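Per-entry structural report
These are the residues of each chain, in order.
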Amino acid sequence: MLLLGVNIDHCATVRQARYRQAPATVGGAVEPDPVTLAVLSERAGADGITVHLREDRRHIQERDVWRLRETISTRLNLEMACTPEMTAFALKLKPDFVCLVPENRQEITTEGGLDVIGLRDRVRACIEAMGAAGIKVSLFIDPDEPQIELAAKLGAPFVELHTGAYAHACHTPRRAHEFQRLRLGCVRAHDLGLTVNAGHGINYVNIAEIRTLPHLHELNIGHTIISRALFTGIEEAVREMKARMNGETEKKKS
Ligand code: PXP
């Protein structure tokens, strides 16, 4: 079964739009609470909860992450920049997984994969420090062979292949090319002994094709689930995505 990590960042985005100055996330009218969303997502079948604690703290706050650590019963996946500050934070928090992502203040969301080649020494140091603390590291990378090969060489147990270029190309002639890039990336990563996750830009439509990629272990999905939850509620949105990820909607139709 393909696993689902629900990325709840955009629940915090909505909260911050109104309550940026509020000191706490509990009590009063400070809403919506990402931790409540996480618990409901788990109840509906999420296999893990993912948050990105950005340097600019634009959505998820440190306090959210500590509350999640104490509250959720599945696995906590902390997306973070590969910096000494974030490494120290993760070693204190002890999430189940850390996913190293690139960070650029101007970007609206994570835009490209991590440049493992350019950041080789920092990435190696982070993988070693996390490994010693029992935290599994995933590298969020584009499906490019040199990046995948170096991820394996540095001892990362997981990669998360960036599906954003494919998602952007879905309605263009580049779709087949981007899908093939992902397919080859999955095969190469698996051959090198990496566990293969994927994420970014996956939605209720393109999941039908994404799910056919070989060797996929887990998908991290945020924006589309939070968007659908506005209309259906989070539990229905999570259930529907998990069903589509595992071909259950197709089975029902036939
Ligand atoms: N994986 C990573 C590493 C991300 O940075 C993001 C976006 O925050 C996602 C997955 C989820 O992307 P989306 O919100 O488009 O589903």
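Residues numbered from 1 in each chain as written. Predicted model: local features only at pLDDT ≥ 70, side-chain atom pairs only at ≥ 80, totals over all residues. Heavy atoms only, no water.

**What about the environment of Lys-153?**
- As for its position among the elements, Lys-153 is in helix H6 (residues 145–153).
- Put simply, Lys-153 and Leu-192 are 39 residues apart on the chain and 8.9 Å apart in space, counted from C-alpha to C-alpha. (Helix = DSSP H or I, 4+ residues; strand = E, 2+ residues; numbered from the N terminus.)

**Some words on the pairing of strand S5 (residues 136–141)**
- The buried fraction of S5 is high, at five of six residues.
- The pairing of strand S4 (residues 97–100) with S5 spans four bridges and is classified as parallel. Among the inter-strand pairings, Val-98 is bridged to a residue of S5, identified as Val-137.
- Summarising the sheet, S5 and strand S6 (residues 158–162) pair through four bridges and their orientation is parallel. Residue pairing across strands places Phe-140 opposite Glu-160, the latter belonging to S6. (Buried < 20%, exposed > 50% of the residue type's maximum accessible area, 1.4 Å probe, protein only. Pairing = 2+ DSSP bridges.)

**With respect to the packing of aromatic side chains**
- Here the structure, examined in full by the defined rule, presents three aromatic pairs.
- On the basis of an interplanar angle of 75° and a centroid distance of 5.8 Å, the ring pair of Trp-66 and Phe-89 is categorised as edge-to-face. Here the residue Trp-66 occupies a position in helix H3 (residues 62–71), and Phe-89 occupies one in helix H4 (residues 84–93), the gap between them amounting to 23 residues.
- Here Tyr-166 and Phe-179 contribute two aromatic rings whose centre-to-centre distance is 5.8 Å and whose plane-to-plane angle is 55°, an arrangement assigned as tilted. Taken together, the residues Tyr-166 in helix H7 (residues 164–169) and Phe-179 in helix H8 (residues 175–191) connect sequence positions 13 residues apart.
- Looking at Phe-179, the relative accessible area reads 12%, which means it is buried. (Phe/Tyr/Trp six-rings, centres within 6.5 Å; stacked < 30°, edge-to-face > 60°.)

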